[in-house]
Amino acid sequence: MTGIPDHYQTDEEADVKRSLSIVQALTVALVLATGACATTNGSEGGGNNVASGQLRLESGLTPVDPAKVKKSLVVGVDNPHYIFSEDVVVAEEKGYFDEVGIEDVTIKVLDEPIPGLIGGSLDLVAADTDAIFSAAQQSRSNLRYLGVNFGKEFIGLGVMAGIDTTDDLVGTKIGAGQANSRTDFNLRQLLTENGVDLDDLKVVNSGGTANDRLAAVLAGTMDGASLQIRHRKFLEDVGGKFLLEKTQAVPQSGWAADQLLVDSPETVAAFLAAVLKARAYIVNPSHQDEVIELMEAADYEIPAEYVAAYADENAPDYHTVDAGFEVGDMDTFVADSIKFETAPVGTKWRELTDLLPLWQAQKELGIPLRPAPSDL
């Protein structure tokens, strides 16, 4: 559909396909990685994980030393939408990387950046949390989750003009994404929480993205669908709206590193300190116009409808300003990911997470440590 860019954050209904293709690509990446199989993961007592991070924490969190930092980095992001790269671009343009000794950061937008991380062509990646844990669990590499990008999940039923109350949903056709996906579950739960009898309407399960569902609603082939914050203005411009919506705490995406954690953990902490400083700048509403200008100058497409969603998507508790998370939220998210088969059975996120660089970055910026070591 014209006017609706195809890119944005990956929808949950695409997670299964992506996870399978990532696992297939891991085989090639591991062959390319030097010594990747020589290090066991945290479940066997090696490498970097929450437990080893806590032990290292006892020696104190020292300030980032620019002299110990790798000067050039290549990072991968799993989506071309500007919001996934803005932390890095702003950190570069505002000089925050220079402050911690990093001179150059190259961004590569890839459908599946994690194999490149394991193979050694990327230093860090931003990707979906469940995809990171799935790859870390199956690759047996040094791959570790570092912290959160987006810590909330929006669930919204977007409808066209003429549907003003839940009573108007009787007999309608509603798009819910792939059957048994997180998107499907969330929409059905939202409906039932608001007193809607699912037998009174037709919930349609199909593939595709939230943008595809929006196109179907605007074309009139569906009466409503599970849509995203970015779609609000598209709906309102034609008389539609979000009939039902809510947000909930979900650590849905984050940063990860692999060999860089072994070769230069100081660089990981430095990188996180710079992007978190950029994030604090980004989530300040008074900086919206400047951030949009910086991203457009970097050749990112930002239509007016996405600009209208800036404040919501870049709220400090949504675009998580400290990259932290609540332990209970992560426990629930991983359990759900196993249920929806986007993470392997037996995934133990604490053994696949290294929080020491995040704690070091948080301390560098005067941010309270979150999650607190005592919570783990």
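Residues numbered from 1 in each chain as written. Predicted model: local features only at pLDDT ≥ 70, side-chain atom pairs only at ≥ 80, totals over all residues. Heavy atoms only, no water.

**So, the nonpolar core**
Among the nonpolar cores identified, the biggest contains 92 residues, and F97, I102, I114, L124 and F271 are the most heavily contacted of them. With 15 residues, the next largest nonpolar core counts I155, L157, I163 and L187 among its residues. (Core = buried A, V, L, I, M, F, W, Y, C linked by side-chain atoms within 4.5 Å. Buried < 20%, exposed > 50% of the residue type's maximum accessible area, 1.4 Å probe, protein only.)

**Topic: the confidence of the model for the chain**
Interpretation of this model should avoid reading the predicted coordinates in detail wherever pLDDT is low. When pLDDT is averaged across the chain, the result is 87; 85% of the residues are at 70 or more. The low-confidence segment residues 1-46 (pLDDT under 50) makes 101 contacts with residues lying over four places distant or belonging to another chain. (pLDDT = per-residue confidence, 0-100. Contact = heavy atoms within 4.5 Å.)

**Brief notes about the packing of aromatic side chains**
In this structure the tally under the stated criterion is 8 aromatic pairs. Seen from their ring centres, F325 and W349 are 5.5 Å apart, and the 80 degrees between their planes marks the pair as edge-to-face. Of this pair, F325 sits in the loop between α14 (310-313) and α15 (327-339) while W349 is found in the loop between α15 and α16 (356-364), placing the two residues 24 residues apart along the sequence. The burial state of F325 is the same as that of W349; both residues are buried. (Phe/Tyr/Trp six-rings, centres within 6.5 Å; stacked < 30°, edge-to-face > 60°. Helix = DSSP H or I, 4+ residues; strand = E, 2+ residues; numbered from the N terminus.)

**Quick notes on the sheet that holds strand β4 (residues 144-159)**
Pairing is mixed in the open sheet, where 8 strands are placed in the order β2-β1-β3-β8-β4-β7-β5-β6. A single partner strand is all that each edge strand has here, and the edge strands are β2 (104-109) and β6 (202-204). Strand-to-strand twist of the sheet, defined as the mean angle between neighbouring strand axes without regard to direction, takes the value 20 degrees. Sheet strands in contact with helix α6 (residues 129-139) are β3 (124-128), β4 and β8 (241-257), and its direction is about 35 degrees off that of β8. (Pairing = 2+ DSSP bridges. Axes fitted to C-alpha atoms, helices over the stretch in contact; angles between N-to-C directions.)

**A few points about the packing of α6 against α15**
Between α6 and α15, whose axes approach to 10 Å, the crossing angle comes to 70 degrees. As summarised for this structure, α6 and α15 are arranged roughly perpendicular, according to the angle between their axes. Here T129, D130 and F133 of α6 come into contact with α15, specifically with M330, F333, V334 and S337. (Parallel < 35°, antiparallel > 145°, perpendicular 65-115°, else oblique.)

**A word on the packing of helix α11 (residues 265-282) against α16**
Two elements in contact, α11 and α16, have axes whose closest approach is 8 Å; the angle formed by their N-to-C orientations is 50 degrees. Judged by the angle between their axes, α11 and α16 are oblique. When you trace α11 past α16, the crossing you get is right-handed. Contacts between α11 and α16 involve E266, V268, A269, L272, A273 and L276 on the former and, on the latter, P357, L358, Q360, A361 and E364. When grouped by side-chain class, the residues that make up the contact of α11 with α16 number 8 nonpolar, 1 polar and 2 charged. (Left-handed = near helix turned anticlockwise from the far one by under 90°. Nonpolar A, V, L, I, M, F, W, Y, C, P; charged D, E, K, R; others polar.)

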